[in-house]
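Here is how the chains run, residue by residue.
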Amino acid sequence: MNREKGMLTQQLVGIVNNLHAGNLHAARDAVFPLLEVYHQDYRVWHLAGLVASQSGHQEQAEIYLKQTHQLAPKQVEPLINLAKVYALQNKLNLSASCFLKTLSIEPENISALYGFSKLLVNTQKYAKAIDYLTQWLAINKNIKAYQLLAKAYIGLGDFQSAELAYKQAINIQMNNTSLLLELADLYVLNKAYGKAIQTYIKILAIKDTLSTKLLLANSYYFDAQYDNAAMIYHEILASDPNNIEVLNNLSCVYKDMGKYKAAEQLLEKLIAQNITSTEIYANFANLQIKQKKYKLAETYYLKAIIDAKQPQLMMQSYAINLLKAGEYKKAWSWFTKGFSCLAQIKLDIPQWQKINKKDIPLLIIDGNIKDIILFSRFISIISKQVKILYVYHPDNIIRNWFQKYFPTVQCLTDLQSLPKDITHFSSFMALPELMNLTPKTIMRKDAYIAAGDLPAVKNKQLFLAIDVSLLATPTYLSWLAKLCEQYQVTIFTVQQLNLKHLDFAYFYTKDINELTNKINTFQVIISDDNTIVALA
């Protein structure tokens, strides 16, 4: 009997070695005959499951691993592998259940903590993932845990904590270029281009690659360091003279440097070789706008619009560039053509005809040019339904456009000296919801707040509905802090509410603790599945 067990163990070791070596045929030929003889031995079922999974037969692997678990319910390795098989079949709840069952048997099992944390990050349950990753890091400080932790914080919009997690991982392995690249990507995402540039230079000192040079050049461009960007792009072209992306990007650098002829020559070279794309056509058209060659610009924008996957957005892009050039009439014409995208944001147009708040002065604050123009079609309606309408946008071109086409609107040039009579603030996207609230609980419905509660307007009390992204901007934060010193402020965040954009107090706590302490009327109620269900 012992001899038979020894022979079986030897056979199983051979199968494991074949699996590790990638010899799936040999492993399969060896394991499946053993099932008939040793059908009560969980190890055979387990290896059969691994062979099936690595062969791409996940449903079959699931059967074998379930049988393994029945034969040996306290063995954690088969449970972990079953969780992985479930995940490969997108049976995520079953996968989570297996990981949790593993952790109930061995709370400090590293493979289960990693697998479950990764599953939580992939399913956007970031806060829960952070709890498990913190538990894992208390046991074993390692790179994978810190990487996942950084991704979880990115999902929450907490870039400062994500940066710290990446730096802790890099401290473990200083020359890990993959980690450094992820950190640099984080800096680019957060528009911290100076830090991104420093990180890319560090990567290039470890391993010099054209792909990293391209990222460095792009960051120089985003940081308006045009000479440095052009220098790196030329270095890449010396090794790869026909790199389409680099030629196109270099043309953008030349355009922003005012070297229109040089930019034009690069794009003409690509177009002459039939190397075209929506982006190349649009860049060539924008170059013509800069040179006031509007007829040629329209020709190439039409080519870009025809090729674009979302032609309405390309029409808007064309209109914005015309607007920036001061061509208001042409811009308005193209914005009108692109207005069909209103359907994409599920805006209920009749809502704008029911605001009817003739006793309130309203300030609309919106930094998004597309939103400003899209919703400007409703300005005449809004103006008739409020006491007075103010609009703030940081771009002087937009303010000039408002003054030209909407003389009844009062344009503010800054946020530091607000008219004393203003009682309501909103972004354009928020406005219908803010103005149509009724005496009920404020409930989240789809992407917007539905019918809800607004207390009666009182002296020195403000109601503010604003995009979450604006509240991460220092300009708006300083303005809001000043506002809170003068008024009692109730804030309603009505941007699309998902796990990446809940409310500013939840995700930007470290930056604005002092500010949020002053806003004592603001509270967030979160349901079990981490989605906002109410604001009160």
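Only a predicted model underlies this, so the values are computations on that prediction, with no experimental measurement involved.

K.L.:
Any chance you could explain the overall build of the chain here in plain terms?
P.N.:
For the chain, the count of helices and strands is 27 helices and 10 strands. Buried positions account for 48% of the 536 residues belonging to the chain. By sequence separation, contacts in the chain at least 24 residues apart represent 56% of the contacts at least 6 residues apart. Accessible area of the chain: about 26700 Å², with a carbon and sulfur share of 51%.

K.L.:
Would you take a moment to explain the pairing of strand β2 (residues 386–392) for this structure?
P.N.:
A regular strand carries its side chains on alternate faces of the sheet. Among the seven residues of β2, five are classified as buried, and the element is accordingly described as predominantly covered. Of the crossover connections in this fold, the one passing from β2 over helix α23 (residues 396–405) to the parallel strand β3 (residues 410–412) is right-handed.

K.L.:
Help me understand the confidence of the model for the chain in this model?
P.N.:
A low pLDDT means the predicted coordinates there should not be read in detail. Across the chain, the average pLDDT comes to 75, with 69% of residues at or above 70. Low pLDDT (under 50) marks residues 432–460, which in the prediction has 81 contacts with non-local residues, meaning those over four places away or in another chain. In the predicted structure, residues 465–473 sits below a pLDDT of 50 and forms 30 contacts with residues beyond four places in sequence or in another chain.

K.L.:
Which parts of the structure should I look at to understand unusual backbone geometry?
P.N.:
What you tend to see is this: most non-glycine residues have negative phi, and most peptide bonds are trans. One non-glycine residue, asparagine 90, lies in positive phi territory at about 65°. Positionally, asparagine 90 belongs in the loop between α5 (76–88) and α6 (92–105). Located in the positive-phi region is lysine 191, a residue other than glycine, with phi close to 60°. Structurally, lysine 191 can be placed in the loop between α11 (177–189) and α12 (193–206). Note on lysine 191: relative accessible area 64%, which makes it exposed.

K.L.:
Explanation requested: the nonpolar core in the structure shown.
P.N.:
Soluble globular proteins tend to bury their nonpolar side chains together. One finds Tyr233 and Phe402 to be the most contacted residues of the largest nonpolar core, which totals 125 residues. A total of nine residues in this core trace back to one element, the largest contributor, which is helix α9 (residues 143–156). The residues contacting tyrosine 233, other than those within four sequence positions of it, are Leu214, Ala217, Asn218, Tyr221, Val246, Asn249, Leu250 and Val253. Core analysis: the second largest hydrophobic core is formed by five residues, Leu363, Tyr390, Leu412 and Ile422 among them.

K.L.:
How do you make sense of the packing of α6 against helix α7 (residues 110–122) when you look at a structure like this?
P.N.:
Relative placement of two packed helices is described by the angle separating their axes and the distance separating the axes. Contact geometry for α6 and α7: axes closest at 9 Å, N-to-C directions at 150°. Overall, the two elements α6 and α7 adopt an arrangement that is roughly antiparallel. Note on packing geometry: the crossing formed by α6 with α7 is left-handed. Between α6 and α7, the residues in contact are Leu92, Ser95, Ala96, Phe99, Leu100, Thr102 and Leu103 and Ser111, Ala112, Leu113, Gly115, Phe116 and Leu119, respectively. Here the contact of α6 with α7 is composed, by residue class, of nine nonpolar, four polar and no charged.

K.L.:
Is there a simple way to think about the packing of helix α10 (residues 159–172) against α11 in this case?
P.N.:
Contact geometry for α10 and α11: axes closest at 10 Å, N-to-C directions at 165°. Judged on the interaxial angle alone, α11 and α10 are roughly antiparallel. The two elements α10 and α11 meet at a crossing, and its hand is left-handed. Facing Phe159, Ala162, Glu163, Tyr166, Lys167, Ala169 and Ile170 of α10, the residues of α11 in contact are Leu179, Leu180, Glu182, Leu183, Leu186, Tyr187 and Leu189.

How each quantity is defined
Residues numbered from 1 in each chain as written. Predicted model: local features only at pLDDT ≥ 70, side-chain atom pairs only at ≥ 80, totals over all residues. Heavy atoms only, no water. Helix = DSSP H or I, 4+ residues; strand = E, 2+ residues; numbered from the N terminus. Buried < 20%, exposed > 50% of the residue type's maximum accessible area, 1.4 Å probe, protein only. Contact = heavy atoms within 4.5 Å. Areas by Shrake-Rupley, 256 points an atom, 1.4 Å probe, with all protein chains shown as cover. Right-handed = clockwise from strand over helix to strand, strands pointing away. pLDDT = per-residue confidence, 0-100. Core = buried A, V, L, I, M, F, W, Y, C linked by side-chain atoms within 4.5 Å. Axes fitted to C-alpha atoms, helices over the stretch in contact; angles between N-to-C directions. Parallel < 35°, antiparallel > 145°, perpendicular 65-115°, else oblique. Left-handed = near helix turned anticlockwise from the far one by under 90°. Nonpolar A, V, L, I, M, F, W, Y, C, P; charged D, E, K, R; others polar.

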